[in-house]
Structure formats: C-alpha cells, structure tokens
Amino acid sequence: MNAIELKNVSFSYDGKKKILSDVHFVAEYGKVTLLAGHSGEGKSTLMYIVGGIAPNVVCGELSGDVLVAGENIKGRRLGYICRKVGVVLQNADEQIVQKLVGDEIAFGCENLAFPPEKIQRQIDTICKLMKLDPAARCRTLSGGQKQRLITASTLAMGQKIILLDEPLANLDKEGAKLLMGTLRSLAGAGYCVVVIEHRLDMVLPYVDDVWHIGGERVEKVEDRAEYLGSRTAQIADSCPAFTGGAPAFSLRDVCFSAGGMEILSGVTFEIPKGSRLLLLGENGCGKTTLLRLIARLYKPTRGAIVQHIGEKFGQKPKGSRAWYKKVGVVYQNPDYQLFMPTVLKEIAFGAESEEYAREIASLFGVGHLLDRHPQSLSEGQKRRVSIAAVAACKPEVLLLDEPTVGQDYEGLCALVDILNRLHRETGNTLVTVTHDVRCAEALCDRAVWLQEGKVSAAGGKELVRSYFSA
C-alpha cells in the first residue's frame, strides 16, 4: 500500500489560476521521496494538500483524489489528518509557540494525548538525536537550531508519514547530514518521508525517488545523476579580484552575551570598503549576532565596532534612519521586514522613485508579482522581494543573512549574478552568511570562520573550500 497517492489532483487558490493540474504523485513507506523544482511552482501547495492544510486552513479549490495510508482524506478534519501525517513547514518562527525547547517538543505530543511518561521519553530521545538542549530558550536559538527544533517536534509525535518543506534551510553542513541521516533511518524503519528541498547536493545521496514539479505538473525523475548535475554545479565568481582598501568597519575585541550565555568572545578583524566578506561557521556560532552588531541592531557587551563609512554617524550604538540608508540589512526570515500591501510598494518604500523600484523588481525577477501582497508569495519569492527592497535603497553596505534559502538552482544563479552586478556597479561592501556551498565562493573576496563565538581562521576563497571540505 502506498503511503501517499494523488490521482488527477488539481488545485487553485483563487478559483482561476491553477497551481496544480491533473497531478499524479506517489510516495511509499520505507522510502525517502524528494520533491524538487522551481520556486513558486507548487511544491509547498502539494504538501499542504497531503497534510490537510489546504483547503482546511489555506482556502482554495481542490479536485481529484488524495489518498493517505489508503484512505481518501478529502473532507476530513485537519485534526484527523494530523494523526496520520507530520508536517514541518518552511518558516520555523511561525511554528514555535513555547518558551523552552522541551516544552515545544512536548506540545504536539500533548495534543495527541500521549501519557506524561511517554512524552518525557520522546523529549529525551529526540533532543539527544537532534543535539538540542531541552532547557534552552527557543528565542535564543539560531535559525538553524530552530529548524532542527521544529523537525524534532514533528518527529516526536511519531506519525508514520512525514512531510518536510525545505528542512535544510539555514542548516550547516553537519546539521544537514545529521537530519538527512535521521530521515534515512526512519525510512529504513518503515516510515514514509517526503522532502521538499533545493540543496540537491545534500539530499540526493539519501533519497530513493525523485519527483520534479513545474508547469502545474509533477513527474518522476528517472535519471537522477543528470538531474543532480544540472542543478548543483558551483557558481563562478563574476567579480574581479579584490585588491584591498581602507576599512569600512574595524571590530576590536567584540564580545556579546545574552540570557547569561556568551555568544561572541574577543572577535577582532577588519572589513575593507568595497570587499565581499563571507561569514562561515556552524549553527549557533554567532554569525547572525555578529551581523546584527555590525548593523547596530545590538550593542557589544564589550569591545567596539568602529565604522568608517560616514563620520556624521559618530560611534553611537544605535542606528538612525540615515544610518540604515547607508547600511542595508536582509534578515534570515523575510517575514520580519515585509510590511507593505503590495510588492511594488514594498520595493518602492526606500527607492528614489517608483520607476527605479520597477527596474529593481525586474532585475530580481519579481516584476510579474508587483500587485501581489508580499506575504502571499512563496518563501523563495519573499526572499527575492526582501533583498530587492533593501537593494533599491542603494546602501553602501549590504548585510545578507542566508539570502539564497528557498531558491531553485536557476534562481540561485540569477540571484548571485544580480548581487555581484550591483556590487560591481555601486562598489558596495557586502557581508554574507550562507551555508550553500554552490554559491559561497562566488560571493566572497575574504572569509572569516567563526567557531564557538571566536574567530578561528580568516582568509580568502581557499578558506571557503577548506570549511566546506572539513
């Protein structure tokens, strides 16, 4: 018996434009199934349908048969479907509701009426498996650690069918290997695991079946090697070699603590003007915290970050409106900075004119989405809109936290090319955090490797190669 089977399934959010049309899809027990394809083509929608989210929570018109564990779930309540299917969505922050890691893992188990002793066993087992501290505060976790947490919370509930939407988003290479190895083991124990993912180089060694979604259809991929090769090649750097320059920022013995925990300790290095700096390191090592310190969103506990991009800003710890015209920040979670009613208004908010906003929108490949509400977009589209909105302000310094998450390979290539093109044209200083080996070198002149809140190494592209091969 198949765990999941879609027969002649079609779906539309507005009753007009179809996202999926006459789709046939199968996922079996005992296998890891990968669903890949272009951003915004319906991968998450298919998962919503199987998980009962659409049309029960997300409205839309659904036709065809959706069989889960041999039963047609059309018309079934979400609570009933959730007992059969575990779902890990893209946005970790939207799914975490408790203050402590242990309580978050217990939450789903309590909803399924597990006895207290079983819940505690699940917490202990899953936290050990996913390398999480049950006493840790959820809000202090890094993006990658939050991603592991929402996956852990789903695994603890024990459904035999598990759907994961971009579970490797924000995960470092060891975290990705840990998660995929765990999912592979679950499939070996008879689970059905369906993964939606763009980082094919990280997932294909662990999967059994591959399906591609695009043009409203879903088709099984027979030649996996060719499919992988066409979507995992390392992206070439289009910028000339950086020859050096005066510092834009000087970090001097920077330390930062929060919640009684030291996150950064004695960080010292310089960021030259006009350079492209890549921050490397495992989840929780302090990369995002360091970006926020540079952006003046946080104040160092000790030490100083001296900026050299405009004397009128002085060295005050907090940024001003004029400061953020100079320093653009793209957050790890695009939902934190998308607040306007349309994509056009979002990008035009800080742009010099609507005409320039339209030009930037076209450059980032979101020109066809100008009338859409930003929160209605796919995660990959949201990411491009959030970067476009900041880039439209023409900042001298651009700070990017995991900018490539949610991008298919073509979108990834295009995004890297755009960022480098803007860098060449404006001479901006670019600071990027990424775990994606395909684009890391293409966004880098210099690299700093953080380990446990300290600088363990600094160098050029050779350091990037060393980090990803370690």
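I will try to describe carefully the structure that is included in this document. All residue numbers refer to positions counted from 1 along the written sequence of the respective chain. The predicted nature of this model means local features are confined to residues of pLDDT at least 70 and side-chain atom pairs, given and counted, to a pLDDT of 80 or more, with totals for whole chains, interfaces and linings taken over all residues. As a rule here, side-chain values come from all non-hydrogen atoms in the structure, and water together with hydrogens is ignored.

**Notes on the overall build of the protein chain**
Helix and strand counts for the protein chain come out as 17 helices and 19 strands. It is over C-alpha atoms that the radius of gyration is taken, and the globule rule equals 2.2 Å times the number of residues to the power 0.38. For 470 residues, the compact-globule estimate of 2.2 N^0.38 gives 23 Å, and the C-alpha radius of gyration of the protein chain, at 22 Å, lies within 12% of that figure. With the C-alpha coordinates aligned to their principal axes, the bounding extent of the protein chain is approximately 65 × 50 × 40 Å. Relative accessible area decides the class of each residue, using a 1.4 Å probe on protein chains only: under 20% of the type maximum gives buried, over 50% gives exposed, and in between gives partly exposed. By residue count, 56% of the 470 residues in the protein chain fall in the buried class. Within the protein chain, counting contacts between residues at least 6 apart in sequence, those at least 24 apart form 70% of the total. The Shrake-Rupley method, run with a 1.4 Å probe, gives the accessible areas here. Residue values count only the displayed protein chains as cover. Per element, the accessible surface of the protein chain, about 19600 Å² overall, is 50% carbon and sulfur. Side-chain charges of the protein chain comprise 57 positive and 55 negative groups, with the mean position of each set lying 4 Å from the other. Put simply, DSSP H or I for four residues or longer makes a helix, DSSP E for two residues or longer makes a strand, and each gets a number counted from the N terminus. Should any heavy atoms of two residues lie within 4.5 Å, those residues are counted as being in contact. Residues counted as positive are Lys and Arg, residues counted as negative are Asp and Glu, and His and the chain ends are not counted. Here the site of a charge means atom NZ of a Lys, CZ of an Arg, CG of an Asp or CD of a Glu.

**Points about the packing of helix H4 (residues 101-111) against helix H6 (residues 143-157)**
Lines fitted to the C-alpha atoms define the axes, with helices restricted to the stretch that makes contact. Angles between their N-to-C directions range from 0 to 180 degrees. The N-to-C vectors of H4 and H6 enclose an angle of 40°; their axes lie 8 Å apart at closest approach. By the angle between their axes, H4 is oblique relative to H6. Two packed elements cross with a definite hand, and for H4 against H6 that hand is right-handed. Taken together, the residues of H6 that come into contact with H4 (itself represented by Val101, Glu104, Ile105, Gly108 and Cys109) are Leu149, Ala152, Ser153, Ala156 and Met157. Classification convention: Asp, Glu, Lys, Arg as charged; Ala, Val, Leu, Ile, Met, Phe, Trp, Tyr, Cys, Pro as nonpolar; all other residues, Gly among them, as polar. Split by residue class, the contact of H4 with H6 holds 7 nonpolar, 2 polar and 1 charged. Here roughly perpendicular refers to angles of 65 to 115 degrees, roughly parallel to angles under 35, roughly antiparallel to angles over 145, and oblique to all remaining angles. For any pair of crossing helices, the crossing counts as left-handed if the nearer helix is rotated counterclockwise from the farther one by less than a right angle, and right-handed if it is rotated clockwise.

**Comments concerning the sheet that holds strand S8 (residues 192-196)**
Taking strand neighbours across the sheet as the criterion, the 6 strands line up as S6-S7-S8-S3-S9-S10 in an open arrangement whose pairing is mixed. In this open sheet, the two strands that pair with only one neighbour each are strand S6 (85-88) and strand S10 (217-220). When strand polarity is set aside, the average angle formed by the axes of neighbouring strands in this sheet is 20°. The sheet contact formed by strand S3 (residues 31-37) and S8 spans 5 bridges and is parallel. Bridging from a neighbouring strand, valine 32 pairs with valine 193 of S8. In the packing of helix H1 (residues 43-50) onto the sheet, contacts are made with S3, S6, strand S7 (161-165), S8, strand S9 (209-214) and S10, and the angle to S7 comes to roughly 150°. In this fold helix H7 (residues 173-188) packs onto S3, S7 and S8, with an angle of close to 130° to the strand it touches most, S3. A pair of strands is treated as paired once DSSP finds two or more bridges between them.

**Points about the nonpolar core**
With 48 residues, the main nonpolar core has Leu34, Val101, Ile105, Leu149, Leu168 and Leu183 as its most contacted residues. Listed by contribution, the elements that provide at least two residues to this core are S3, H4, helix H5 (116-130), H6, S7, H7, S8 and helix H8 (200-203). Side-chain atoms within 4.5 Å are what join buried Ala, Val, Leu, Ile, Met, Phe, Trp, Tyr and Cys residues into a set we call a nonpolar core.

**Considering the sheet that holds strand S19 (residues 454-459)**
Here we have 6 strands laid out as an open sheet, ordered S15-S16-S17-S13-S18-S19, and mixed in their pairing. Edge positions in the sheet fall to strand S15 (327-330) and S19, since each has one partner strand and no second. Taking each pair of neighbouring strands and ignoring which way they run, the sheet shows an average axis angle of 15°. Across 4 bridges, the pairing between strand S13 (residues 276-280) and strand S17 (residues 429-433) is parallel. Pairing of leucine 278 across the sheet is with threonine 432, part of S17. Lying over the sheet, helix H10 (residues 287-294) contacts S13, strand S16 (397-401), S17 and strand S18 (446-451), oriented at roughly 155° with respect to S16.

**With respect to the packing of aromatic side chains**
Geometry of aromatic contacts follows a simple scheme: Phe, Tyr and Trp rings, the Trp one being its six-membered ring, pair when their centres are within 6.5 Å, and the pair is stacked under 30 degrees between planes, edge-to-face over 60, tilted otherwise. Tallied over the full model, the rule gives 6 aromatic pairs. Relative to tyrosine 298, the ring of phenylalanine 256 has its centre 5.1 Å away and its plane inclined at 5°; by these criteria the two rings are stacked. Pair noted here: phenylalanine 256 is in strand S11 (residues 247-258) and tyrosine 298 is in the loop between H10 and strand S14 (302-307), with a separation of 42 residues, a long-range link. For tyrosine 298, a relative accessible area of 29% corresponds to the partly exposed category. Relative to phenylalanine 468, the ring of tyrosine 467 has its centre 5.0 Å away and its plane inclined at 80°; by these criteria the two rings are edge-to-face.

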